[in-house]
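Secondary and tertiary structure notes
Next come the chains, spelled out residue by residue.
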Amino acid sequence: MAKSEVIIAPSILAADFGAMREAVLALQDGGADWIHFDVMDGHFVPNLTFGAPMVSALRPHCTLPFDVHLMIEHPENLISDFASAGANRITVHVEACVHLHRVVQQIRELGCSVGVALNPHTPLEAVRYILPDIDLLLVMTVNPGFGGQALIESMKPKIAEARLMIEQDAPHVLLQVDGGVSPENAREVVALGARVLVAGSSVFRAPTPQEGIRALRFALVSQKA
């Protein structure tokens, strides 16, 4: 895959919650492809972030696709709220959905692209039979709940295995990686098969978000492995 085809989806979880409008404007100005929203309920993961009103409040200020990652219990109860708020893509966790096919269909019927996410401990086999019905597979490379964690090294083979599964069963599916992605490892993560990179801390800890995005782009075209 050409490095220019990689989609950069900065996570606004790492932004200043008091200046979210400025954050999405900076990401758009800096060349982000998508805006990633990490929605947490304090139950499925040990943190509480924001809900559909945040998506709705930011939607008028940004033309980029909104990539909403629901780390919540019973996501089927809130999917319509996020779709109405302006989400373009909604990702749910296989671990949170008893009837995953039904939830995938629900997202599709609301006009959004569909993603399914896996926690680090969950085997890829859990999503094999849903792959043809979705648009994106999200492999978590940290235990979800908090930003700023280091990528779990043992997840690298899982990324490669996910890419192989997608190529065999559903080549239209985008492979997204979320957790500890930085300029130091972005090239390797893409080489393993990722097509979409979610990066929060590495983008917002840079002097400006624009510089954080540029650092990721530069890492992908650098001659260093």
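These notes cover the structure that comes with them. Keep in mind it's a predicted model, so treat the numbers as computed, not measured. (Residues numbered from 1 in each chain as written. Predicted model: local features only at pLDDT ≥ 70, side-chain atom pairs only at ≥ 80, totals over all residues. Heavy atoms only, no water.)

What about the overall build of the protein?
From N to C terminus, the protein includes 8 helices and 8 strands. Its C-alpha atoms give the protein a radius of gyration of 16 Å, within 12% of the compact-globule value 17 Å for 225 residues. By principal-axis analysis of the C-alpha atoms, the protein measures approximately 45 × 40 × 30 Å. Put simply, the protein has 225 residues, and 56% of those count as buried. Contacts in the protein between residues at least 24 apart in sequence constitute 65% of all its contacts with a sequence separation of at least 6. If you sum the accessible surface of the protein, you get close to 9700 Å²; carbon and sulfur atoms cover 53% of it. (Helix = DSSP H or I, 4+ residues; strand = E, 2+ residues; numbered from the N terminus. Rg over C-alpha atoms; globule rule 2.2 N^0.38 Å. Buried < 20%, exposed > 50% of the residue type's maximum accessible area, 1.4 Å probe, protein only. Contact = heavy atoms within 4.5 Å. Areas by Shrake-Rupley, 256 points an atom, 1.4 Å probe, with all protein chains shown as cover.)

What about the state of the cysteines?
Per the stated rule, a full pass over the model turns up 0 disulfides. Of all cysteine sulfurs, the one in C112 lies closest to C62, which takes part in no disulfide; the gap is 16 Å. Its sulfur unpaired, C97 is 15 Å from the next cysteine sulfur, which belongs to C112. (Disulfide = S-S within 2.5 Å.)

Quick word on the pattern of salt bridges
This model, assessed by the stated rule, comprises 6 salt bridges. Across the pair R128 and E125 runs a salt bridge whose closest N-O atoms are separated by 3.0 Å. Note on R128: relative accessible area 25%, which makes it partly exposed. Between E153 and K156 there is a salt bridge whose closest N-O contact spans 2.8 Å. Among the residues examined, K156 registers a relative accessible area of 14% and is labelled buried. Here the salt bridges do not stand alone but share partners, grouping E125, R128 and D169 into one network. (Salt bridge = Lys/Arg side-chain N within 4 Å of Asp/Glu carboxyl O.)

Quick notes on the pairing of strand β6 (residues 136-140)
Most of β6 sits inside the fold, with 5 of its 5 residues counted as buried. A two-sided burial pattern is seen for β6, the buried positions comprising L136, L138 and M140 on one face and L137 and V139 on the other. Sheet topology places strand β5 (residues 113-118) next to β6; 4 bridges connect them, and they run parallel. Looking at β6, one finds that L118 is bridged to V139. Direction of pairing for β6 relative to strand β7 (residues 174-178): parallel, over a ladder of 5 bridges. Bridging from a neighbouring strand, L138 pairs with Q176 of β7. With helix α5 (residues 156-169) bridging β6 and the parallel β7, this β-α-β connection has right-handed handedness. (Pairing = 2+ DSSP bridges. Right-handed = clockwise from strand over helix to strand, strands pointing away.)

Observations concerning α5
Helix length check: α5 (14 residues) gives 20 Å between terminal C-alpha atoms against 20 Å at 1.5 Å per residue, within 8%. Among the residues of α5, K156, K158, I159, A162, R163, M165 and I166 are the ones counted as buried. (Expected span 1.5 Å × (residues − 1).)

Considerations on the packing of aromatic side chains
Applying the stated criterion across every chain, the model contains 3 aromatic pairs. Relative to F50, the ring of F17 lies with its centre 5.7 Å away and its plane at 55 degrees, an arrangement referred to as tilted. Pair noted here: F17 is in the loop between β1 (7-10) and α1 (20-29) and F50 is in the loop between β2 (35-40) and α2 (52-58), with a separation of 33 residues, a long-range link. An aromatic cluster is built from F17, F37, F50 and F66, whose rings are joined through pairwise contacts. For R59, the ring lying beneath its charged end belongs to F66, and the centroid distance is 3.7 Å. (Phe/Tyr/Trp six-rings, centres within 6.5 Å; stacked < 30°, edge-to-face > 60°. Lys NZ or Arg CZ within 6 Å of the ring centre and 35° of its normal.)

Here we look at the environment of G200
Note on placement: G200 falls in the loop between β8 (196-199) and α7 (201-204). Not counting the four nearest positions on each side in its chain, G200 is found in contact with S11 and A14.

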